[in-house]
Amino acid sequence: MANHKSALKRIRSNETKRLRNRYQHKTARNAMKKFQELTDKKEAETMFPTVVSMIDKLAKKNIIHDNKASNLKSNMAKHVAAL
């Protein structure tokens, strides 16, 4: 166990950040899954910007890699175009 005051604070803050990142990542994954299941083009086009925004936020906060974000957005754009 850590002995320094700053190390104890770091442990607390890391746990808080971990939980927040986990929540945001899981929420985005659920939104992506829901988006992929859509069959209506109109509905997909309205949902597309919100899901892309979620992905961009994850990449900006380094929760996912920039290249992974690009791949996900590309796949979603293909999905919309295929409908």
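Bear in mind that the values here come from a model prediction, so they are computed numbers and not experimental data.

Draft legend 1. Summary view of the pattern of salt bridges. Summed over all chains, the structure comprises two salt bridges. Its salt-bridge partner being E15, residue R18 comes within 2.9 Å of it at the nearest N-O pair. Residue R18 and its partner E15 are both found in helix α1 (residues 5–36); the two are separated by three residues, about one turn of the helix. Owing to a relative accessible area of 37%, E15 belongs among the partly exposed residues under this scheme. One salt bridge in this structure joins K73 and D56, with 2.7 Å as the shortest N-O distance. With K73 in helix α3 (residues 66–82) and D56 in helix α2 (residues 41–60), the pair connects residues that are 17 residues apart, well separated along the chain.

Draft legend 2. Quick peek at the nonpolar core. Within the largest apolar cluster, 17 residues are counted, with the highest numbers of intra-cluster contacts made by M32, F35, V51, I55, I64 and M76. Mapped by element, the contributors of at least two residues to this core are α1, α2 and α3. For this core, the leading source of residues is α2, giving six residues. Leaving out residues up to four positions away in the same chain, M32 has contacts with V51, I55, L72 and M76.

Analysis parameters
Residues numbered from 1 in each chain as written. Predicted model: local features only at pLDDT ≥ 70, side-chain atom pairs only at ≥ 80, totals over all residues. Heavy atoms only, no water. Salt bridge = Lys/Arg side-chain N within 4 Å of Asp/Glu carboxyl O. Helix = DSSP H or I, 4+ residues; strand = E, 2+ residues; numbered from the N terminus. Buried < 20%, exposed > 50% of the residue type's maximum accessible area, 1.4 Å probe, protein only. Core = buried A, V, L, I, M, F, W, Y, C linked by side-chain atoms within 4.5 Å. Contact = heavy atoms within 4.5 Å.

By themselves, these figures tell us nothing about what the structure is for.
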